[in-house]
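# Geometric and topological summary
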Amino acid sequence: MESFISKNRLVLGIIAGVLLGGAVGSFFPEFGAGTQIIGELFLNALKMVVLPLIIVSVTLSIMKVGNLGSLGLKTIAYYAVTTAIAVSIGIAVVTMVQPGDGSEMLKGTMPEVVKSKEGFKVTDILRQISTPNLFESAYEFQILPIIIASLLFGIAFGKLNKERQLVLDLFESMDKAIMKVVHWIIALTPIGIFGLIAGKIGEAGGGDEVLRLAMQLGKYVFCVLLGLLIQGFVILPLLLRALSGRNPVTYFKDLSESLLTAFSTASSSATLPLTITNVTENAKVSPKISKFVLPLGATVNMDGTALYESVAVIFIAQSYGIHLGGGELVVVFLTATLAAIGAAGIPEAGLVTMVLVLQAVGLPIEGVGMILAIDWFLDRFRTTINVWGDSIGAAVIEKLEPDENTA
Ligand code: ASP
């Protein structure tokens, strides 16, 4: 019993943080809202370490991996297939349940950030791949160009002759130091998560208010959660079992700290330090593979977001009384996939890129206002599935890569 407790102390602490935060935010909303600062400090600490972590992890991983082409292709293929499955589940569930049919139209204000995305195009997503200024990207927390630059430098460092070992040693040392800082921050997770949960529920007006909102959009909330449940607890575990041979229950336990953190922060990118630690240290997936697969996944692979985008858009269409035909559903399928790839790993990013899907099928972007009030709540569930999908990706790719690449 004692060894169980000491081994799982952090997870137990995080669960206590979630429950206590939930209770304080629900029953003492004002006090809960006041604890938001604790959550903010914790979130900032995580975000602070994310950029150095990504730069060093990706560069190091690329320097060590023999065959980047094979690793890159397999990673992209895994991400594409799981995202496509997620969108299909979303479309199937929302078409069967029809949450928007006959529902009372809910009006809501449209956030500025969504309004400013009017005219958002596929090329705007492509544009995120490159940047003229890496510092500006870092300042704006745009991770994709940072990953791509690290990738390029990693390849170049790997091609140096006598300096290669020097650079490798330097990056190995930086990696060790960064992971030390990550562990210090992780030790604070229970208290940080308490602040995040209590603060958010308190800010939303307490447990009753959250419940009232969830009930108001009950069928829509049900569709999103049901879809996420199928993706997270049926499809992804089956893929993990079939492609990596791992036991999904054990893997889930190994990942529990990062999944709870994803739920509390609603940010895949901020959760990345925990995801890397859990995948490499608890689940013992090769760091060489995971330190490439996970940063990329946190940025572009979003199963939960993809599923939610399709459910939300079709729900909005149904509420407007607009029937989407087969061709339009194909457009939703394609654009929801792109919108999920284009969404940053930060809170409610999916709500913003949804503009792309709405516009593609000719729906008014004001429709976003209908689901806005409950979006922060659903964001937590979809982010958890996003991180779960990335983590399973690391185990799957490790297995699919030849042995000489995974030492
Ligand atoms: N919050 C999500 C994430 O960080 C993105 C989104 O769906 O809004 O993974």
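Helix and strand content of the protein chain: 21 helices and zero strands. For 407 residues, the compact-globule estimate of 2.2 N^0.38 gives 22 Å, and the protein chain sits close to it at 21 Å. C-alpha extents for the protein chain along the principal axes are approximately 70 × 50 × 40 Å. Within the protein chain, the fraction of its 407 residues that count as buried is 53%. When contacts within the protein chain are restricted to residue pairs at least 6 apart in sequence, those whose partners lie at least 24 apart make up 85%. In the structure as shown, the protein chain presents an accessible area of about 17700 Å², 68% of it carried by carbon and sulfur atoms. On the protein chain, the mean spot of the 27 positive side-chain charges and the mean spot of the 32 negative ones are 7 Å from each other.

Next up on the list: the packing of aromatic side chains. The final tally for this structure, using the stated rule, is ten aromatic pairs. Here the aromatic rings of phenylalanine 153 and phenylalanine 157 are separated by 6.2 Å at their centres, their planes lie at 35 degrees, and the arrangement is tilted. Of the two residues, phenylalanine 153 and phenylalanine 157 both sit in helix H9 (residues 143-158), four residues apart, roughly one turn of that helix. Aromatic pair tyrosine 251 and tryptophan 388: ring centres 6.1 Å apart, planes at 40 degrees, arrangement tilted. Of this pair, tyrosine 251 sits in helix H14 (residues 248-254) while tryptophan 388 sits in helix H21 (residues 368-400), placing them 137 residues apart in sequence. One exposure class covers both tyrosine 251 and tryptophan 388, and it is buried. Chaining the aromatic ring pairs together yields one cluster made of Phe233, Tyr251, Phe252 and Trp388. Looking at lysine 47, its charged tip hangs above the ring of phenylalanine 141, at a distance of 5.8 Å from the centre. The aromatic ring of tyrosine 308 is capped on one face by arginine 382, whose charged end is 3.7 Å from the ring centroid.

Moving on: the site of the ligand. As a matter of local geometry, the ligand sits amid 16 residues, with Ser268, Thr305, Gly350, Asp379 and Arg382 nearest to it. Threonine 305 is positioned with one of its side-chain polar atoms (N or O) 2.6 Å from an oxygen atom of the ligand. Within the backbone of glycine 345, one N or O atom sits 3.3 Å away from an oxygen atom of the ligand. Elements represented by at least two residues in the shell around the ligand include exactly helix H20 (349-360) and H21. No other element matches the four residues that H21 contributes to the shell around the ligand. Along the lines of polarity and charge, the residues of the shell around the ligand split into six nonpolar, seven polar and three charged.

Below, the discussion takes up the environment of isoleucine 129. Turning to its location among the elements, isoleucine 129 is positioned in the loop between helix H7 (122-127) and helix H8 (134-139). Note: C-alpha distance between isoleucine 129 and methionine 354 (225 residues apart in sequence) is 19 Å. Isoleucine 129 has contacts with Leu144, Pro145 and Ile148, leaving out every residue within four places of it along the chain.

Turning to the nonpolar core, a few remarks are in order. Within the largest apolar cluster, 118 residues are counted, with the highest numbers of intra-cluster contacts made by Tyr220, Tyr251, Met354, Ile371 and Ile374. When residues in this core are grouped by element, the largest group, 15 residues, is from H21. Those residues in contact with methionine 354 that lie beyond four places of it in its chain are Tyr308, Glu309, Ala312, Val313, Ile316, Val368 and Ile371.

At a minimum axis distance of 9 Å, the contact between H9 and helix H17 (residues 287-300) shows a crossing angle of 155 degrees. One finds that H9 runs roughly antiparallel with respect to H17. Relative to H17, H9 is oriented so that their crossing is left-handed. In contact with Ile143, Leu144, Ile147 and Leu151 of H9, H17 contributes Phe292, Pro295, Leu296, Thr299 and Val300. Taken together, the residues of the contact of H9 with H17 sort by class into eight nonpolar, one polar and no charged.

What counts as what
Residues numbered from 1 in each chain as written. Predicted model: local features only at pLDDT ≥ 70, side-chain atom pairs only at ≥ 80, totals over all residues. Heavy atoms only, no water. Helix = DSSP H or I, 4+ residues; strand = E, 2+ residues; numbered from the N terminus. Rg over C-alpha atoms; globule rule 2.2 N^0.38 Å. Buried < 20%, exposed > 50% of the residue type's maximum accessible area, 1.4 Å probe, protein only. Contact = heavy atoms within 4.5 Å. Areas by Shrake-Rupley, 256 points an atom, 1.4 Å probe, with all protein chains shown as cover. Lys, Arg positive; Asp, Glu negative; His and termini not counted. Charge placed at Lys NZ, Arg CZ, Asp CG, Glu CD. Phe/Tyr/Trp six-rings, centres within 6.5 Å; stacked < 30°, edge-to-face > 60°. Lys NZ or Arg CZ within 6 Å of the ring centre and 35° of its normal. Near = heavy atom within 4 Å. Polar contact = N/O pair within 3.5 Å; in protein donor to acceptor, adjacent residues only side chain to side chain. Nonpolar A, V, L, I, M, F, W, Y, C, P; charged D, E, K, R; others polar. Core = buried A, V, L, I, M, F, W, Y, C linked by side-chain atoms within 4.5 Å. Axes fitted to C-alpha atoms, helices over the stretch in contact; angles between N-to-C directions. Parallel < 35°, antiparallel > 145°, perpendicular 65-115°, else oblique. Left-handed = near helix turned anticlockwise from the far one by under 90°.

By themselves, these are just geometric observations and shouldn't be taken as functional.
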